[in-house]
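Fold and contact review
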Amino acid sequence: MQIKRDYSQPFFSTRRRSRVTGRFLFFYGVVIGAFLVFVSAQFGRLQMAALGVVGLAPTPTAFASTWATQGYDFFLKGNMEEAAVAYGQAVSQEPNNINYIYEYGRTLIELNRAANPLQSRPQSDAEIASELGDHAIDVAPQDVRAYTLKASALVLLGDSQSAIPLALKGYELNSGFASLLAVLARAYTDIGRYQQGLDYGLAAVEADPKNVDAHRGYAIALIWVGERDQAIRELEDAININPNLTAPYFELAGQYKGANRIEDAIAAYEKVMSIQPRNPKGLLRMCETYTQVGQNEQAEGYCDDALAIDENYADAYKARGGVRFRRRNYEGAIEDFEKCLSNNSQAIECYYQQGLAYYYIGGAANCDSAWNLLSQSLTMQPEPTIADIIQTGLRLVTDNCVNYTNQALPVLPTPTIVPTLIGTG
């Protein structure tokens, strides 16, 4: 039988078209499938990009280790506020990591900011560091850094008596940890056991000559026993180790002022301001130093700057009130002294100098204010020089205010000697 073919159609055309169509459909399917896989895999990223266009994309969250690395870099550069933020983020992500807790705490201690009254739970940096120290001891009771942090915070809070037994627990774990030895030096010095302060301070420096805290702790002990020159050398060594930490500059400047090296003190404070231009304590110290050398106009400008940064800075109101008093701006001085006291300061200067300012303004009502403030300041157990100034002011009131003629002067109370550390910046 003969098979008839239809030659109107080429013999191979149908087969080739079928093969080409099949290949096209196959590759098209592969492309579509790959695209769908890509979209599925990249959907989150594409979604974030789309949200970013309209400003709704969330901020990417860094790993705790990334935050800690940033904190370390900021700390070395002296950017303590940024360091605290970074370490705080690290701790929030890994709250039981002793490395992050310790570094966050020591950064807060370096910052040493007062409590912010606008916060729902006002706490100073030292108080937060103290709580971090408690937590560190709970999560890492065998780590010397936990006890170092807690003891350091207590010393800063003025409770060296409680700091010592905690520090000694850390000492049992590691007797060669320089930062802990430095804390013991500070604590023993604070309670008047100066030889132990010297011994621990020297041990700290010998344990780690490159430890800033070691040199600072030893320097504080040296200051108390009158070894100012050696203390200055220790503080200069601390600065050479890390020139971006501000605390040693404050302490060094205090010693320069004590040695009447005013230009050196100003240079140290200027270095603080170059590291942290908005450091209110540095501005305040510049104000006080220029006041000391009688440059009152320049001093007032620095106090103005400090208060522009921190409007609740009681010490800055006290200092500026003193400058205004010397410039015979008695109304301005009274305003500053009142703000000093309204910000929870008990500084005797804000009482007796305010009283003197009221006297110099004059008038019966101002005489009453002068008498009341001067009398109150006399009950605050002033040092002899200030007591003489207060009694002189009271005598001026009795001599020149009609309502106080022949008024008996208040009796000066028996003084109680409380040691204070002078000239640490």
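Residues numbered from 1 in each chain as written. Predicted model: local features only at pLDDT ≥ 70, side-chain atom pairs only at ≥ 80, totals over all residues. Heavy atoms only, no water.

**What to know about the overall build of the protein**
If you tally the helices and strands in the protein, you get 20 helices and zero strands. With 425 residues in all, the protein has 43% of them scored as buried. The contacts of the protein with a sequence gap of at least 6 include a subset with a gap of at least 24, amounting to 52%. For the protein, the exposed area adds up to about 23500 Å²; of that, 52% sits on carbon and sulfur atoms. (Helix = DSSP H or I, 4+ residues; strand = E, 2+ residues; numbered from the N terminus. Buried < 20%, exposed > 50% of the residue type's maximum accessible area, 1.4 Å probe, protein only. Contact = heavy atoms within 4.5 Å. Areas by Shrake-Rupley, 256 points an atom, 1.4 Å probe, with all protein chains shown as cover.)

**Digging into unusual backbone geometry**
A positive phi angle, close to 60 degrees, is found at Asn260, a residue other than glycine. The topology assignment puts Asn260 in the loop between helix 12 (247–258) and helix 13 (262–275). Residue class for Asn260 comes out exposed when judged on its relative accessible area of 59%. Phi angles above zero are rare outside glycine, and Arg328 is one such case at about 65 degrees.

**Digging into helix 2 (residues 64–77)**
In this model, helix 2 (14 residues) spans 20 Å end to end at C-alpha, consistent with the 20 Å of a helix rising 1.5 Å per residue. Of the positions making up helix 2, those classed as buried are Ala64, Ala68, Gly71 and Phe75. All buried residues of helix 2 fall inside an arc of 55 degrees around its axis, so they share one side. Phi turns positive, to about 85 degrees, at Gly78, one or two residues after helix 2. (Expected span 1.5 Å × (residues − 1). Arc of directions from axis to C-beta.)

**Considerations on the environment of Ala153**
Here Ala153 shows up in helix 6 (residues 144–156). Measuring from C-alpha to C-alpha, the distance between Ala153 and Val183 comes to 9.6 Å, with 30 residues separating the pair along the chain.

**Focus: the side chain of Thr398**
Relative to the helices and strands, Thr398 is located in helix 20 (residues 384–400). Of note is the side chain of Thr398, whose polar atom sits 2.7 Å from the backbone oxygen of Arg395. Excluding its chain neighbours within four sequence positions, the residues that come into contact with Thr398 are Trp371, Tyr404, Thr405, Asn406, Gln407 and Leu409. (Polar contact = N/O pair within 3.5 Å; in protein donor to acceptor, adjacent residues only side chain to side chain.)

**Re the pattern of salt bridges**
This structure, assessed with the given rule, holds 15 salt bridges. Of the charged contacts, one joins Asp134 and Lys150 as a salt bridge, the two residues approaching to 3.1 Å between their closest N and O atoms. Taken together, the residues span a long stretch of sequence, with Asp134 in helix 5 (residues 125–139) and Lys150 in helix 6 at a distance of 16 residues. The class for Lys150 is buried, based on a relative accessible area of 9%. (Salt bridge = Lys/Arg side-chain N within 4 Å of Asp/Glu carboxyl O.)

**Some words on the confidence of the model for the protein**
Should the pLDDT be low somewhere, the predicted coordinates at that spot are not to be read in detail. Averaged over all residues, the pLDDT of the protein is 86; the fraction at 70 or higher stands at 81%. Segment residues 1–28 is flagged for pLDDT under 50; beyond a separation of four residues in sequence, or across chains, it makes one contact in the model. In the model, residues 30–59 has pLDDT below 50 throughout and makes five contacts with residues more than four positions away in sequence or in other chains. (pLDDT = per-residue confidence, 0-100.)

**Focus: the packing of aromatic side chains**
Each aromatic ring pair is described using two quantities: the centre-to-centre distance and the angle formed by the ring planes. If you walk through the whole model with that rule in mind, you get eleven aromatic pairs. Judged by centre distance (6.5 Å) and plane angle (55 degrees), the rings of Tyr102 and Phe177 are tilted. Of this pair, Tyr102 sits in helix 4 (residues 98–111) while Phe177 sits in the loop between helix 7 (160–173) and helix 8 (178–190), placing them 75 residues apart in sequence. Judged by relative accessible area, which is 8%, Tyr102 ranks as buried. Each residue in the set Phe325, Tyr330, Tyr359 and Tyr360 is aromatic and connected to the rest through ring pairs, giving one cluster. One residue, Lys281, lies across the ring of Phe250, its end atom 4.4 Å from the ring centre. (Phe/Tyr/Trp six-rings, centres within 6.5 Å; stacked < 30°, edge-to-face > 60°. Lys NZ or Arg CZ within 6 Å of the ring centre and 35° of its normal.)

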